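This is what each chain is made of:
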Amino acid sequence: MPKPKVFVTRLIPEEGLAMVREATAMKLWEGELPPPHKVLLDEVREVEGLLSLLTDKIDAALMDSNPRLKVISNFAVGYDNIDIPAATARGIPIGNTPGVLTDTTADLAFTLMMAAARRIQESIDYVRAEKWKTWGPKLLMGQDIHGATLGIIGFGRIGQGMAKRAGGFGMRVLYYDVYRRQDLEQTMDVTFADMDTLLRESDFVTVHTDLNETTRHMMNAAAFAKMKPTAIVINTARGPIVDPQALYAALKSGKIGGAALDVTEPEPIPTDSPLLTLPNCLIVPHIASASVATRGKMAQMAAANLLAGLRGEKLPTCVNPEVYERGVRK
Ligand code: DGY
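Residues numbered from 1 in each chain as written. Predicted model: local features only at pLDDT ≥ 70, side-chain atom pairs only at ≥ 80, totals over all residues. Heavy atoms only, no water.

Focus: the packing of aromatic side chains
Scanning all chains against the criterion turns up four aromatic pairs. Aromatic side chains Tyr-175 and Phe-192 sit 5.4 Å apart centroid to centroid with 70° between the ring planes, which places their arrangement in the edge-to-face category. Remark: Phe-192 occurs in strand S8 (residues 190–192) and Tyr-175 occurs in strand S7 (residues 172–176); sequence separation between them is 17 residues. Given the relative accessible area of 27%, Phe-192 is considered partly exposed. (Phe/Tyr/Trp six-rings, centres within 6.5 Å; stacked < 30°, edge-to-face > 60°. Helix = DSSP H or I, 4+ residues; strand = E, 2+ residues; numbered from the N terminus. Buried < 20%, exposed > 50% of the residue type's maximum accessible area, 1.4 Å probe, protein only.)

Here it is, written out as structure tokens:
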């Protein structure tokens, strides 16, 4: 039996790549940048399985380009790069990598919050610019984490991870989610709040929702207007949840105190983005899940989903399980 053909759109960690190489006739895009859409289309025409990244746009046209394409495995927990209803309608199961990156992502979100609160980037720049002449009683004063109020928008796995960390730092935690988690409120010492209350009362607002039409630009001028002038917004979810123009205006005018972003709209952030000129806006390049161990586990999960789909088995972590009721592509 010939091995099934698959296309892997970037060099993922060896833990997963080895699994795919062993079981399939794998074609790998080794470029540092994602394959251009035309290349992706051409490659997909040849294969039964696709291992994609969040930088690959997977739309209905791509799915229709090859009726033998029977599984798409995304190397990410998020899947807003894929048209899920189109995949389900065509009988294509979609895999993702939940769980393994929860703590690593929450670690980074907490790191960004602390770095922004204590003005770490400005402090490093200050030292490197040889401006440090003496100890200063008012030099680079920031904000305390302990005793502050953290507002968590989106109380799924990663939002809960933030709450756990905040508890260890003596923070008060408010959360908002479309699904209230009364079952967790006592044990995690968190309080449900509506969005207005959360925005009004929080010293730090951290976003952990997925990107959809209700969360796109959820952090906009109206939201920033409700926040404290000292408040810091943290985004490790998806860039378009924060309106970049409104964020710039709010930071520049002092409506809010700071921002720390792992994700931006667009990505990468344009080099001429005015956000890059602001001392109170800290930006890192979408690295929240980027620990060696976690990226290795994500690669294994993505490979396991791909191989299960090729064998005609249910994906271990499938974002559209309803596809199995409708019938999957053979
Ligand atoms: C995801 O998995 O969705 C992250 O954005 C990258 O790990």
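That shown, we press on.
Examining the domain arrangement of the protein chain
The domain boundaries assigned to the protein chain delineate domain 1 (5–100 + 292–326) and domain 2 (102–283). One C-alpha centre belongs to domain 1, the other to domain 2; they are set 32 Å apart. Taken together, the contact pairs eight residues of domain 1 with five residues of domain 2. Between domain 1 and domain 2, roughly 550 Å² of surface is buried when both sides are summed, and carbon and sulfur atoms account for 41% of that area. Area buried by domain 1 at its contact with domain 2 is led by Asp-80, Gly-99 and Thr-294, which between them contribute 58% of it. Seen at the junction of domain 1 and domain 2, the total is one salt bridge. Note that Arg-238 is salt-bridged to Asp-80, the shortest N-O span being 2.7 Å. If you look at where domain 1 meets domain 2, you find three residue pairs in polar contact (both at pLDDT 80 or more). Of the residues assigned to the side of domain 1 that touches domain 2, the class counts are four nonpolar, three polar and one charged. (Domains from an automatic or database assignment. Contact = heavy atoms within 4.5 Å. Buried area = accessible area lost by both parts, 1.4 Å probe. Salt bridge = Lys/Arg side-chain N within 4 Å of Asp/Glu carboxyl O. Polar contact = N/O pair within 3.5 Å; in protein donor to acceptor, adjacent residues only side chain to side chain. Nonpolar A, V, L, I, M, F, W, Y, C, P; charged D, E, K, R; others polar.)

Remarks on the sheet that holds strand S1 (residues 5–8)
An order of S2-S1-S3-S4-S5 is seen for the five strands of this open sheet, with the pairing classed as parallel. Two strands lie at the open edges of the sheet, namely strand S2 (25–28) and strand S5 (94–95), each paired on one side alone. The sheet contact formed by S1 and strand S3 (residues 49–52) spans three bridges and is parallel. Residue Val-6 lies in a different strand from S3, and its bridge partner there is Gly-49. Against the sheet, helix H1 (residues 14–23) makes contact with S1, S2 and S3, and its axis sits at roughly 135° relative to S2, the strand it touches most. The sheet contacts of helix H12 (residues 292–310) involve S1, S3, strand S4 (71–74) and S5, and relative to S4 the element is tilted by about 175°. (Pairing = 2+ DSSP bridges. Axes fitted to C-alpha atoms, helices over the stretch in contact; angles between N-to-C directions.)

Regarding the sheet that holds S7
Taken in spatial order, the seven strands of this open sheet run S8-S7-S6-S9-S10-S11-S12, and their pairing is parallel. Of all strands in the sheet, those with a lone pairing partner are S8 and strand S12 (281–283), marking the two edges. Ignoring strand direction, the axes of neighbouring strands in this sheet form an average angle of 20°. In this structure, strand S10 (residues 232–235) lies alongside strand S11 (residues 258–261), joined through four bridges in parallel fashion. The residue of S11 that forms the bridge with Ile-232 is Gly-258. Running at roughly 150° to S10, helix H5 (residues 102–117) makes contact with strand S6 (149–153), strand S9 (204–207), S10, S11 and S12 of the sheet.

As for the packing of H1 against H12
Axis separation between H1 and H12 bottoms out at 6 Å; the angle between their running directions is 25°. By the angle between their axes, H1 is roughly parallel relative to H12. When H1 is examined against H12, the residues Glu-15, Gly-16, Met-19, Val-20 and Ala-23 are found in contact with a partner set consisting of Gly-296, Ala-299, Gln-300, Ala-303, Ala-304, Leu-306 and Leu-307. Taken together, the residues of the contact of H1 with H12 sort by class into eight nonpolar, three polar and one charged. (Parallel < 35°, antiparallel > 145°, perpendicular 65-115°, else oblique.)

A look at the packing of H5 against helix H7 (residues 157–168)
Relative to each other, H5 and H7 sit at 55°, their axes nearing to 8 Å. Taken together, the axis directions place H5 and H7 in an arrangement best described as oblique. Considering only the axes of H5 and H7, their crossing is right-handed. The segment H5 lies against H7, with Thr-102, Asp-103, Thr-105, Ala-106, Asp-107, Ala-109, Phe-110 and Met-113 engaging Arg-157, Ile-158, Gly-161, Met-162, Arg-165 and Ala-166. Grouping the constituent residues of the contact of H5 with H7 by class yields seven nonpolar, three polar and four charged. (Left-handed = near helix turned anticlockwise from the far one by under 90°.)

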